[in-house]
Amino acid sequence: MEIEFQLRRVEVDGVSHRFRLYVPADYDAAVLFLHGAGERGNDSIAPTKVGLGSALSEREEPFPAIVVFPQCPRETHWTAAAARDIAMAALDATKKEFRIERVALTGISMGAAGAWLMAAEHPERFMSLAPICGWVSARSTKDHADLIARIRTIPTWIFHGSVDHIVPVEHSRVMEAALKVAGADVRYTELRDVAHNSWDPAYGASNLLEWMLNPSAVR
């Protein structure tokens, strides 16, 4: 299915940033997607070519949610607060334009690392969280415990490849275990013999996309 990703702009600290939107005819929610390190830049197109964007293009039916594709500047990282501010500004602009209240958060690799932090910073903003082959940047055991305490109320589904040599799978195993101890609604799918690209099977072969929009109903 051919998709048009609509261009938008948002200004953060006096700098204009381009981002893209997937806008189906029918929607009642939004998804914020954080791309990986390879899609950084300022073209606004690269984030739509890998991960969730490509999965949407392969669907036979439209995905019933607006998807926000911000872009992380090349010289920074989603784990930097300034970069996450760009993503949140894109989300806020989209919510204002389309009057969307329900928002899911997902990311791949570097984007998943940013998603963990963003969820902890704004737990009230997201109805579900789907980090794929990511890691958690926490400076201390206390910081890690605080992060777990803040995101434990968000239904979470973690994906990771079992033979990922770029971001070791232990990062996701640790998060699943900690969230379980905290009593969170957490799922974990470890993809056997899959390396770093666990996003294609996560967004494609599983029912993750449907779960993100209704985590209490999809099992």
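Higher on the page you've got the structure.
Every chain is numbered independently, its residues counted from 1 as its sequence is written. In view of the model being predicted, local features appear only for residues whose pLDDT reaches at least 70, and side-chain atom pairs are presented and counted only at 80 or more, with totals across whole chains, interfaces and linings using the full set of residues. The side-chain values count all of the structure's non-hydrogen atoms but skip hydrogen atoms and water molecules.

**Q** Explain the overall build of the protein residue by residue, including any values.
**A** Counting from the N terminus, the helices are DSSP H or I runs at least four residues long and the strands are E runs at least two residues long. Secondary structure summary: the protein contains 7 helices and 8 strands in total. For the radius of gyration, the atoms used are the C-alpha atoms, and the globule rule reads 2.2 Å times the number of residues raised to 0.38. Relative to the globule expectation of 17 Å for 219 residues, the C-alpha radius of gyration of the protein, 16 Å, shows essentially globular dimensions. Its C-alpha atoms put the protein at 40 × 40 × 30 Å along the principal axes. Buried, partly exposed and exposed residues are distinguished by accessible area as a fraction of the type maximum, computed with a 1.4 Å probe on protein chains only: under 20%, between the cut-offs, and over 50%, respectively. Here the protein holds 219 residues, and the buried ones make up 55% of them. Taking all contacts inside the protein whose residues are at least 6 apart in sequence as the whole, residues at least 24 apart take part in 74%. Between the centroid of the 23 positive side chains of the protein and the centroid of its 28 negative side chains there is a distance of 4 Å. Note on contacts: a residue pair is in contact if any heavy atoms of the two residues lie within 4.5 Å. Asp and Glu are treated as the negative residues and Lys and Arg as the positive ones, with His and the ends of the chain left uncounted. Where a charge sits is defined by one atom per residue type, namely NZ (Lys), CZ (Arg), CG (Asp) or CD (Glu).

**Q** Could you give an account of the sheet that holds strand 4 (residues 66-69), with specific residues and numbers?
**A** Overall, mixed pairing links the 8 strands, which are arranged 1-2-4-3-5-6-7-8 in an open sheet. Each end of this open sheet is capped by a strand with a single partner; those strands are strand 1 (5-12) and strand 8 (186-191). Put simply, the sheet's adjacent strands are angled 20° from each other on average, direction ignored. Between any two strands, pairing holds if DSSP finds at least two bridges. Of the pairings in the sheet, the one linking strand 3 (residues 30-34) to strand 5 (residues 103-108) comprises 5 bridges and is parallel in character. Residue pairing in the sheet places Phe33 in a bridge with Thr106 of strand 5. To obtain an axis, a line is fitted to C-alpha atoms, over the contacting stretch when the element is a helix, and the angle between two such axes runs from 0 to 180 degrees between their N-to-C directions.

**Q** Hey, could you go over the nonpolar core for me, with residue numbers and the actual values?
**A** Nonpolar cores were defined as sets of buried Ala, Val, Leu, Ile, Met, Phe, Trp, Tyr and Cys residues, with membership established by side-chain atoms within 4.5 Å. Ranked by size, the top nonpolar core spans 43 residues in total, and within it Leu105 and Ile151 carry the most contacts. At 8 residues, helix 2 (residues 81-98) tops the list of elements feeding residues into this core.

This is a description of form; function is not addressed.
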